[in-house]
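In case you want the letters, here they are:
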Amino acid sequence: MNAPLASHSLPPAEATSSFLGLASIEITPKQIEKLALLKDKLKPGSRVFIALIDAGDLAGQIEAARQLKASGFDPVPHVPARFVKDEADLQSRIKALAECGATSMLVLGGGAPEPIGQYDAAIQLLQTGVFQANGVKNIGLAGHPEGNPDITKIHGEAVLVKALKEKQAYLKANNLEGFIATQFLFEAEPVAEWAAMLRAEGIDLPIFVGVPGPATIKTLVKYAAMCGVGNSARFIRKQALNITKLLTVNTPDDFVAGLAQLHYGRPELGVAGPHLYPFGGFDKLFDWLAAVK
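Visitor: Requested: an account of the overall build of the protein chain, with residues and values cited.
Guide: Regarding its fold elements, the protein chain presents 13 helices and ten strands. Out of the 293 residues belonging to the protein chain, those deemed buried represent 51%. If you take every contact in the protein chain between residues at least 6 apart in sequence, the share linking residues at least 24 apart comes to 80%. Here the protein chain displays about 13200 Å² of accessible surface, and carbon together with sulfur accounts for 53% of that area.

What follows is the structure in structure tokens.
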């Protein structure tokens, strides 16, 4: 998954541009209507993650994967454990996604309050063996540099680290490649601290860091509350206290520049690339990318 690291002496602007060349992007099944724009703005072979926010949107996710693959992209469907009824359901959906050309999938617990079936954790899905049986070669795991509010408030950070260790061990034992895709946040420092902690714990999967695309402060506050991002969102909330700033568009220039420094200057952390969330819309995101690249 890692591209060869460039020289650590790259000028900051060049480092940021090069780092953004490693970006993946996230869409929902309904946003496949933006496919023409994606084809125009993204390089062939780019990874496009397909979130599954609604359990009833599975058919849309499968169709989005089919269209993305046919258009030359690498579709990476989300597979949330809490949206899977049983092993037969898992087999059916992974087979359908694989037949669309998806060989990488993001396997996660999912944010639903209650599971619709017998699974509530990613490791339970992995242990069925269904993914490799259908030719899936690369498994993404969810990462939480600022904690998962549903878990850490009750059980603490150690539970998340233990779960990542268990999933990494499964992948290695079954000759599967893997990576970590994180929740979105706003600052590079928490990423560096978290990545260093993972490496100290023996977790060595490459990390793709969630970056919110340009969006108004009001929009970012909404998503921050929905997704439970933590300390680094404080500056967004502070700006939101000023009502005149609510409609100000925030861009992630400083954040991405900081991540680029980690990628090129501290390769031992394994910060492999940015994962872009188009919260403010695709037009704002691609205009910003064109300006900074």
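Visitor: Help me get a handle on helix α9 (residues 188-200), residues and values and all.
Guide: Relative to the 18 Å expected for 13 residues at 1.5 Å per residue, α9 spans 19 Å between its end C-alpha atoms, a close match to the ideal helical length. Among the residues of α9, Ala188, Pro190, Val191, Ala192, Trp194, Ala195 and Leu198 are the ones counted as buried.

Visitor: Account for the pattern of salt bridges, with residues named and values stated.
Guide: Opposite charge on two side chains permits them to pair, given that their charged atoms come into close proximity. If you walk through the whole model with that rule in mind, you get eight salt bridges. Here aspartate 89 ties to arginine 93 by a salt bridge, and the two come within 3.1 Å at their closest N and O atoms. Of this pair, aspartate 89 and arginine 93 both sit in helix α4 (residues 87-99), four residues apart, which is roughly one turn of the helix.

Visitor: Mind laying out the layout of surface pockets, listing which residues take part and the relevant values?
Guide: What the second largest pocket holds in volume is close to 230 Å³. Surrounding the second largest pocket, 15 residues form its lining, Lys41, Leu42, Lys43, Leu289 and Lys293 being those nearest its centre. Residue assignment for the lining of the second largest pocket shows that the elements contributing at least two residues are β1 (24-27) and α13 (282-292). The leading source of residues in the lining of the second largest pocket is α13, at four residues. Residues of the lining of the second largest pocket, tallied by class, amount to eight nonpolar, three polar and four charged.

Visitor: Go over the packing of helix α3 (residues 58-70) against α4, please, and point to the residues and values.
Guide: Contact geometry for α3 and α4: axes closest at 8 Å, N-to-C directions at 25°. With respect to each other, α3 and α4 are oriented roughly parallel. Where α3 crosses over α4, the two elements pack in a sense that is right-handed. Along the contact surface, α3 presents Leu58, Gln61, Ile62 and Ala65, while α4 presents Arg93, Ala96 and Leu97. Class assignment for the residues of the contact of α3 with α4 results in five nonpolar, one polar and one charged.

Visitor: A description of the sheet that holds strand β7 (residues 207-212) should follow, citing residues and the corresponding values.
Guide: Here we have eight strands rolled up into a closed barrel, ordered β1-β2-β3-β4-β5-β6-β7-β10, and parallel in their pairing. On average, each strand axis in the sheet is tilted by 30° relative to the strand beside it, whichever way the strands run. Looking at chain direction, strand β5 (residues 138-143) and strand β6 (residues 177-184) are connected through six bridges and run parallel. In the sheet register, alanine 142 faces β6, and the bridge partner there is alanine 181. Docked against the sheet, α9 engages β5, β6, β7 and β10 (271-277), running at close to 160° with respect to β7. Relative to β1, α13 is tilted by about 170°, and along the sheet it contacts β1 and β10.

Visitor: Please set out the pairing of β1 residue by residue, giving values where relevant.
Guide: Side chains of β1 alternate between two faces, with Ser24 and Glu26 and Ile25 and Ile27 buried alike. The pairing of β1 with β10 spans two bridges and is parallel. Counterpart to isoleucine 25 in the pairing with β10 is leucine 276. Relative to strand β2 (residues 47-50), β1 is paired through three bridges, and the arrangement is parallel. The partner of isoleucine 25 across the bridge, within β2, is valine 48. Handedness of the crossover is the feature at issue here: the chain leaves β1, passes through helix α2 (residues 35-41), returns alongside β2, and the resulting connection is right-handed.

Here is what the cut-offs are and how they apply
Residues numbered from 1 in each chain as written. Predicted model: local features only at pLDDT ≥ 70, side-chain atom pairs only at ≥ 80, totals over all residues. Heavy atoms only, no water. Helix = DSSP H or I, 4+ residues; strand = E, 2+ residues; numbered from the N terminus. Buried < 20%, exposed > 50% of the residue type's maximum accessible area, 1.4 Å probe, protein only. Contact = heavy atoms within 4.5 Å. Areas by Shrake-Rupley, 256 points an atom, 1.4 Å probe, with all protein chains shown as cover. Expected span 1.5 Å × (residues − 1). Salt bridge = Lys/Arg side-chain N within 4 Å of Asp/Glu carboxyl O. 1 Å grid on protein atoms, 1.4 Å probe; cavity = no way out; pocket = protein on both sides within 12 Å on 5 of 7 lines; lining within 4 Å. Points joined across faces, edges and corners; volume = space filled by probe spheres on them. Nonpolar A, V, L, I, M, F, W, Y, C, P; charged D, E, K, R; others polar. Axes fitted to C-alpha atoms, helices over the stretch in contact; angles between N-to-C directions. Parallel < 35°, antiparallel > 145°, perpendicular 65-115°, else oblique. Left-handed = near helix turned anticlockwise from the far one by under 90°. Pairing = 2+ DSSP bridges. Right-handed = clockwise from strand over helix to strand, strands pointing away.

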